[in-house]
Amino acid sequence: MRQFSSILNGLARSLRGKNSGNDDGREAAEAMAKDAKRSDLILRSSGSVNVDGSNNFASVFSKRGRKGVNQDCAIVWEEFGCQADMLFCGIFDGHGPWGHFVAKKVRESMPSSLLCNWQETLAQASLDPDVDLESDKKHQRFHIWKHSYLKTCAAVDHELEQHRKIDSVYSGTTALTIVRQGDLIYVANIGDSRAVLATTSDDGDLVPVQLTVDFKPNLPQEAERIIQCKGRVFCLHDEPGVHRVWLPDEESPGLAMSRAFGDYCIKDYGLISVPEVTQRHITRRDQFVVLATDGVWDVVTNSEAIQIVSSTPDKAKAAKRLVEFAVQAWKKKRKRIAIDDISAICLFFHSSPLE
């Protein structure tokens with residue numbers, strides 16, 4: 001309970017003098033983001049983040065494909081919400097004519113919105129006599145983060161639809177994010193990017209653990225929802241095995257994922273922006289997690305990815321090395337297909353060598 005108390009005290013200090021309105025909370029969260037940027041705690045480009053005293057080390061790299069402008073983007077925010085033991089990171093894969101604008105807009109608004117909703121949910125839970133934060137902290141923390149993520153994603157998608165300068169009718173983005181809070185990570189996924197954990201087995205081998213589901217339209221539960229909403233799921237003749245989502249009476253838009261922000265042309269036909277939220281307790285066996293867009297996973301296996309990252313002597317170059325490996329794999333395995341944008345975040349859990 002001590003950590004919850006310190007968090008609540010910190011939030012009270014940051015919001016002192018403000019009322020409990022959502023707008024004030026959002027402004028406070030956005031102010032925290034600006035302060036963090038000035039303090040070099042936020043990275044929005046290729047590079048690395050390693051704050052003194054932190055257990056985290058993040059390597060980020062993104063490379064434009066051969067389809068035009070790079071529609072991938074990423075963010076790493078150390079000391080998320082002014083909490084020394086928290087980190088937020090996310091990777092976003094835009095698509096459609098305005099995809100790069102959509103991805104960057106979601107990257108900009110999602111962390112502050114999540115922080116605001118987390119603050120509110122945590123404060124409400126602490127005041128609820130039916131909620132005992134001390135009796136089952138792990139369960140209560142997860143419930144708070146899941147509720148915060150669900151509320152955030154709904155709000156971000158609504159804001160995007162109302163945005164006057166970004167046309168998201170036929171454009172959208174995926175969003176894969178992680179919050180690390182002490183020895184727990186919370187993973188929220190919308191779309192077909194993927195998070196893979198590298199952990200040490202009982203035999204001492206490094207093995208991959210996939211933390212997310214690739215939300216493709218042909219997954220049974222996804223296809224069932226889309227079809228119930230009158231949408232269609234099928235492959236084009238020249239793309240066997242690539243299932244896409246289509247409008248009832250048009251050969252459009254042909255999305256290769258079943259969840260995304262934006263894409264309002266098909267939101268009434270089964271596409272949703274609801275995240276799958278999961279948690280995992282991090283132990284000394286867990287080395288790092290890789291977050292990457294489908295440009296990596298289309299040509300690189302989970303095992304290959306963790307071996308590439310773990311064998312990179314300089315952690316700061318781990319994401320770049322993985323992306324460059326994926327580029328070469330595209331050239332060998334998919335010679336007739338234009339290379340996709342490829343991006344990755346490698347988040348190491350222990351900034352010092354393992355004992």
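Coordinates for the structure precede this section.
What you are looking at is a predicted structure, and each value in this text was computed from that prediction instead of being measured.

A. The sheet that holds strand β11 (residues 232-235), seen in detail. Read from one edge to the other, the open sheet built from three strands follows the order β11-β12-β13, with strand pairing classed as antiparallel. Both edges of this open sheet fall to β11 and β13 (253-255), since each of them pairs with a single strand only. Recorded for the sheet is a direction-independent mean angle of 35° between the axes of neighbouring strands. Pairing geometry for β11 and strand β12 (residues 243-246), over four bridges, is antiparallel.

B. Structural detail: the pattern of salt bridges. With the rule as written, the count across this model stands at 15 salt bridges. One salt bridge connects E251 with R232, and the closest N-O pair in it is separated by 3.2 Å. Remark: R232 occurs in strand β11 and E251 occurs in the loop between β12 and β13; sequence separation between them is 19 residues. Taking relative accessible area as the criterion, E251 reaches 56% and is therefore assigned exposed. Taken together, the shared-partner salt bridges connect R26, E30 and E159 into one network.

C. Main features of the sheet that holds strand β9 (residues 194-200). Across the sheet, which stays open at both edges, the six strands sit in the order β2-β3-β17-β16-β9-β10 with antiparallel pairing between neighbours. Pairing within the sheet leaves two strands with one partner each, and these edge strands are β2 (47-49) and β10 (206-210). Direction aside, the axes of adjacent strands within the sheet are offset by 20° on average. Both strand β3 (residues 57-63) and strand β17 (residues 342-348) contribute to a ladder of seven bridges, which runs antiparallel. Pairing of F57 across the sheet is with F348, part of β17. Across the sheet, helix α7 (residues 302-310) touches β9, β10, β16 (286-292) and β17, and the angle it forms with β10 is around 130°. Its contacts with the sheet put helix α8 (residues 318-333) on β3, β16 and β17, and the angle it makes with β17 is roughly 145°.

D. Representation of the nonpolar core. Ranked by internal contacts, the top residues of the largest apolar core, which has 63 residues, are V76, W77, F80, V289 and L291. Considering every element that reaches this core, the biggest residue donor is helix α3 (residues 99-127), with ten residues. Look past the residues within four positions of V76 in its chain and what remains in contact with it is L41, I42, L43, V49, A58, V60, L87, F88, C89 and I345. If you look at the next biggest cluster of nonpolar residues, it comprises 28 residues, including V196, I306, I339 and I342.

E. Representation of the packing of aromatic side chains within the structure. Applying the stated criterion to the full structure yields eight aromatic pairs. Ring geometry for W77 against F80: centres 4.8 Å apart, planes inclined by 80°, an arrangement best described as edge-to-face. Pairing W98 with F101 gives two aromatic rings, centres 5.4 Å apart and planes at 50°, and the pair type is tilted. For F101, a relative accessible area of 42% puts it in the partly exposed group. For the cation-ring pair, R259 lies above F215, with the distance from its terminal atom to the ring centre recorded as 3.9 Å. The lysine or arginine in question, R334, covers the ring of W330, its NZ or CZ lying 5.2 Å from the ring centre.

Calculation criteria
- Residues numbered from 1 in each chain as written.
- Predicted model: local features only at pLDDT ≥ 70, side-chain atom pairs only at ≥ 80, totals over all residues.
- Heavy atoms only, no water.
- Pairing = 2+ DSSP bridges.
- Helix = DSSP H or I, 4+ residues; strand = E, 2+ residues; numbered from the N terminus.
- Axes fitted to C-alpha atoms, helices over the stretch in contact; angles between N-to-C directions.
- Salt bridge = Lys/Arg side-chain N within 4 Å of Asp/Glu carboxyl O.
- Buried < 20%, exposed > 50% of the residue type's maximum accessible area, 1.4 Å probe, protein only.
- Contact = heavy atoms within 4.5 Å.
- Core = buried A, V, L, I, M, F, W, Y, C linked by side-chain atoms within 4.5 Å.
- Phe/Tyr/Trp six-rings, centres within 6.5 Å; stacked < 30°, edge-to-face > 60°.
- Lys NZ or Arg CZ within 6 Å of the ring centre and 35° of its normal.

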